[in-house]
Amino acid sequence: QLQLVESGGGLVQPGGSLRLSCTASGFTLDDYCIGWFRQAPGKEREGVSCIRNGDGSTYYADSVKGRFTISRDNAKNTVYLQMNSLTPEDTAVYYCAASTYCVVGPVVAGWSGLDSWGQGTQVTVSS
C-alpha cells in the first residue's frame with residue numbers, strides 16, 4: 001500500500017530555516033514525481049515544489065523560488081524540502097504527494113495524486 005508520511009515542521013522565526021521530510025513506504029519513491037504542497041488557513045492548497053522521477057528535474061512555485069530546495073535520497077526513500085528565509089506567508093500545513101506528473105501552483109479540487117492526502121506537517125513562521 002502506497003503511503004507517504006510528512007515530518008519536520010515546527011515553529012520558526014522569520015528568516016529561519018526548516019527541512020521537511022517525506023518518507024515513502026509500499027513503493028519506490030523514485031518511480032514517481034513527488035511534490036510538496038501547502039495549505040494555509042482560508043486558502044486553497046497549492047503545489048510549491050516537485051521533483052520528477054528519473055532525471056530528477058525540479059520545479060518551484062514563484063513564491064518559493066530561490067528559498068526552497070527539493071531533493072531526493074533514494075537510499076532512504078525520502079524526499080526533502082529545505083526551506084530557507086522563511087516568512088509568515090509560508091505558514092501552512094505542508095503535504096507531500098506522489099503522482100505521474102508534477103504539479104506546481106493551484107491544485108485542482110479533488111486531486112491528491114496517487115493516494116489521499118496525509119496528515120501533513122505544520123509550519124508556523126512567527127516572531
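Everything that follows concerns the structure shown earlier in this document.
Novice: Pulling in residues and values, what's your account of the state of the cysteines?
Specialist: Enumeration over the complete set of coordinates arrives at 2 disulfides. Here C22 is linked by a disulfide to C96, with a sulfur-sulfur distance of 2.1 Å. Looking down the S-S bond of the C22 and C96 bridge, the torsion is 80 degrees, so its handedness is right-handed. You can see C22 sitting in strand β3 (residues 18–25) and its partner C96 sitting in strand β9 (residues 92–99), a full 74 residues away along the chain. A relative accessible area of 4% places C96 in the buried class. Through a disulfide, C50 is tied to C102; the S-S separation comes to 2.0 Å. On the sign convention where negative means left-handed, the S-S torsion of about -80 degrees between C50 and C102 marks this disulfide as left-handed. Of the two residues, C50 is situated in strand β5 (residues 46–51) and C102 in the loop between β9 and β10 (105–106); the sequence distance between them amounts to 52 residues. C50 gets classed as buried once you look at its relative accessible area, which sits at 2%. With no disulfide of its own, C33 lies closest to C102 among cysteine sulfurs, the gap being 4.2 Å.

Novice: Before we move on, can you summarise the pattern of salt bridges with the specific residues and values?
Specialist: The final tally for this structure, using the stated rule, is 6 salt bridges. One salt bridge in this structure joins R67 and D90, with 2.7 Å as the shortest N-O distance. Taken as a pair, R67 in the loop between β6 (58–60) and β7 (68–73) and D90 in the loop between β8 (78–83) and β9 lie far apart in primary sequence, 23 residues in all. For the pair shown, R67 and D90 are each scored as buried. Three or more residues joined by partner-sharing salt bridges are found here, namely R38, E46, R67 and D90.

Novice: Outline unusual backbone geometry, listing residues and values.
Specialist: At N77, a position not held by glycine, the phi torsion is positive, near 50 degrees. Its location among the elements puts N77 in the loop between β7 and β8. By relative accessible area, N77 is classed as buried at 16%.

Novice: Tell me about the packing of aromatic side chains, and please be specific about residues and values.
Specialist: The final tally for this structure, using the stated rule, is 6 aromatic pairs. Lying across the ring of W117, R45 places its NZ or CZ 4.0 Å from the centre.

Novice: Just give me the short version of the pairing of β7, but keep the residues and values in it.
Specialist: A regular strand carries its side chains on alternate faces of the sheet. Taken together, the 6 bridges between β7 and β8 define a ladder with antiparallel strand orientation. Of the residues in β8, the one forming a bridge with D73 is T78. Taken together, β7 and the strand that follows it, β8, pair antiparallel across an intervening segment of 4 residues, in which N77 is found at a positive phi of about 50 degrees.

Conventions we followed
Residues numbered from 1 in each chain as written. Predicted model: local features only at pLDDT ≥ 70, side-chain atom pairs only at ≥ 80, totals over all residues. Heavy atoms only, no water. Disulfide = S-S within 2.5 Å. Helix = DSSP H or I, 4+ residues; strand = E, 2+ residues; numbered from the N terminus. Buried < 20%, exposed > 50% of the residue type's maximum accessible area, 1.4 Å probe, protein only. Salt bridge = Lys/Arg side-chain N within 4 Å of Asp/Glu carboxyl O. Phe/Tyr/Trp six-rings, centres within 6.5 Å; stacked < 30°, edge-to-face > 60°. Lys NZ or Arg CZ within 6 Å of the ring centre and 35° of its normal. Pairing = 2+ DSSP bridges.

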